[in-house]
Amino acid sequence: AARGRGQFPDITKLSELFFQALGDLERRAPPTPVNVIRAEIRRSCERAAEQQPGMFSLTVPTGGGKTLSSMAFALRHAIKHGQRRVIYVIPYTSIIEQTAAILAGIFGPENVIEHHSNLDPEKETQRTRLASENWDAPIIVTTNVQFFESLYAAKSSRCRKLHNVVNSVVILDEAQLLPPELLKPCVDAINQLVRNYRVTMVLATATQPALPGLDKPREIIADPAELYRGLKRTDIRFPVSLDEPTAWDAIAKRLQTHDQVLCVVNTRRDCYDLFKLMPEGTAHLSALMCGAHRSIVIGEIKQKLETGRPIRVISTQLVEAGVDMDLPVVYRALSGLSSIAQAAGRCNREGKLNTQGRLGEVHVFVPPKPSPLGMLRKGEDTTRELCALPALDLQRPDAFTRYFNLFYSRVNDMGSQFHDWLVKDVNPTLYFQFRTAAEQFKLIDDQARRPVIVRYGDSGKWLERLRFAGPTREIMRGCQRYMVSLPKRMVERMLADGRLEEVDSKRAPGIVAQCNLKFYDDKLGLDIYKETLPVEDLVQ
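Cut-offs applied
Residues numbered from 1 in each chain as written. Predicted model: local features only at pLDDT ≥ 70, side-chain atom pairs only at ≥ 80, totals over all residues. Heavy atoms only, no water. Helix = DSSP H or I, 4+ residues; strand = E, 2+ residues; numbered from the N terminus. Buried < 20%, exposed > 50% of the residue type's maximum accessible area, 1.4 Å probe, protein only. Contact = heavy atoms within 4.5 Å. Pairing = 2+ DSSP bridges. Expected span 1.5 Å × (residues − 1). Axes fitted to C-alpha atoms, helices over the stretch in contact; angles between N-to-C directions. Salt bridge = Lys/Arg side-chain N within 4 Å of Asp/Glu carboxyl O.

The next point concerns the overall build of the protein chain. Along its length, the protein chain carries 21 helices and 19 strands. Looking at the 540 residues of the protein chain, the share that counts as buried comes to 54%. A fraction of 77% describes how many contacts in the protein chain between residues 6 or more apart in sequence connect residues 24 or more apart.

Below, the structure is given as structure tokens:
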């Protein structure tokens, strides 16, 4: 294993590659107001990198070049203070590949180690596999799930990387997406890493959350409010009344008046219902499509946008966290203020409309039914409360602080019970319940969902290998790109009526796959709404 790991270039060498590529990028970029501000954000990050290690925040509007600017800070800071690696933590696997591809294009794919569930096994080598297990490379790109669950894990396979988090720079991208129900243990972990393990933590987001209990961070941008004014590229329009819902057919008619438009809704069912009312050529995006399918559709959307062709997109909120699209008009179903701001980040992203003397249009509308109960409903209700306040500019960064303060006050439990899991029944010899705590600390509730391998693209090849060899690491990684997550109740019903099947009860017990080929639609993904099923409102 030691021989397989190989050697990586040190962080100083990688830094030279990065700043050379960044310089080339800035020289080639047209001198638009947006690009001028992006360059200034980068310089602010490099100046702040001289400061002592600790807790930092980077408050930059969507489209402000946050990914590369935060990496510029991290590399300068790591070299200045002798830190060994940069760990870039991203909320969703659905967007991690985009960021990893940007960084791999600069550092070389062999020097950027991805650690997440959507890895392509055919691109892995023994060297990258070992590095992802141990995080001993200088540049790591991973997910919230891998990062935080590893910190609280009780298995050697997940804990063996933890010593390599010490003395590193961690960029926590889209910090507002930490799950509220586990916020306290996540914040405790962040504080401890900074206080005791020489970790520099950067909370990078356009909608900086007021995380309860977080040690006070140093803001990298001197005047975030001025930056938001300078990068204003959209006009967010709320309806006159938030008590009057708009029917889907009325929304569909409004969308058809635009050649290029994105509409973001709150649930998979809403996405399905609205898409069915749209004309041929409309694109659909939701997590009922497997990862491989979504990647192809996103690529097609971007190609049409780049060539100026008409494209209308109906999507769940999966497009909001880092999917790089630039449309002149965006519609957003009423939701949490941070989600509305993230949707607005897909509108006039490059500021091209500003050069024509106008802004992108973001239209917030009240959908036919409210968000599902839970965090989505709390976010929607918080936005309603903010909209009732007089003279509040909802696009200023301080509005997000007020939003999150209100939002977190609505959350009954942000993970305080986790302390009880850890120390419950501790005996006099200080035997802590690490295993119990690890079992309870789950950023994704995998007890309520089951993954289903769908029939799309090359999934048949991986299913055959699964039946032949059983669930090896390589095979399950290959299947991951063709999986859709569904509620257990729904999966059990579809197993009973023959839509799904268990792959192999002996070699692969519990692994479920689609067996009815007509059940996966080339536009909609797994078409769970076509027939009578115990369907729940699902987000993303």
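Let us look at the pairing of strand β6 (residues 200-205). Taken across its six residues, β6 has six buried, putting it largely inside the fold. Of the two faces of β6, the one carrying T200, V202 and A204 and the one carrying M201, L203 and T205 are both buried. Alignment of strand β1 (residues 55-59) against β6, held across five bridges, turns out to be parallel. Bridge pairing in β6 links L58 to A204. Of the strand pairs in this sheet, strand β5 (residues 168-173) and β6 are connected by five bridges, and their pairing is parallel. Residue D173 lies in a different strand from β6, and its bridge partner there is A204.

All right, on to the side chain of H77 then. Relative to the helices and strands, H77 is located in helix α4 (residues 66-81). We classify H77 as buried; its relative accessible area is 0%. With near-sequence residues (within four places) excluded, H77 lies in contact with A49, Q51, Q52, P53, F56, Q83, V169 and T200.

Right, let's get into α4. Here α4 spans 22 Å end to end across 16 residues, near enough to the 22 Å set by a 1.5 Å rise per residue. Taken across its 16 residues, α4 has 13 buried, putting it largely inside the fold. Looking one or two residues beyond α4, the residue adopting positive phi is G82, at roughly 70°.

As a further point, take unusual backbone geometry. Notably, N167 is not glycine yet its phi reads approximately 60°, a positive angle. Along the chain, the position of N167 falls in the loop between α8 (156-159) and β5. The class for N167 is buried, based on a relative accessible area of 15%.

Considering the arrangement of structural elements, one finds P53 in the loop between α3 (33-48) and β1. Residues P53 and A78, 25 residues apart in the sequence, show an inter-C-alpha distance of 8.9 Å. Those residues in contact with P53 that sit more than four places away from it in its chain are H77, H81, Q83, R198, T200 and R218.

Another aspect to go through is the sheet that holds strand β10 (residues 283-285). Spatial strand order, β8-β13-β12-β9-β11-β10: six strands in an open sheet with parallel pairing. What marks the edges here is a single partner per strand, and that holds for β8 (234-237) and β10. Across the sheet, the axes of successive neighbouring strands diverge by a mean angle of 15°, strand direction being ignored. Pairing of β8 with strand β13 (residues 360-365), which is carried by four bridges, proceeds in the parallel orientation. Paired with I236 across the bridge in β13 is V362. Here helix α14 (residues 337-344) sits on the sheet in contact with β8, β9 (260-264), β12 (329-333) and β13, set at roughly 160° to β12.

Time to look at the pattern of salt bridges. Tallied over the full model, the rule gives 27 salt bridges. Ionic pairing is found between R43 and E40, a salt bridge with its closest N-O pair at 3.2 Å. Placement of both R43 and E40 in helix α3 is noted, with a separation of three residues, approximately one turn of the helix. Here R237 ties to E361 by a salt bridge, and the two come within 3.8 Å at their closest N and O atoms. Of the two residues, R237 is situated in strand β8 and E361 in strand β13; the sequence distance between them amounts to 124 residues. The exposure class assigned to R237 is partly exposed, which follows from its relative accessible area of 36%. E361 gets classed as partly exposed once you look at its relative accessible area, which sits at 22%.

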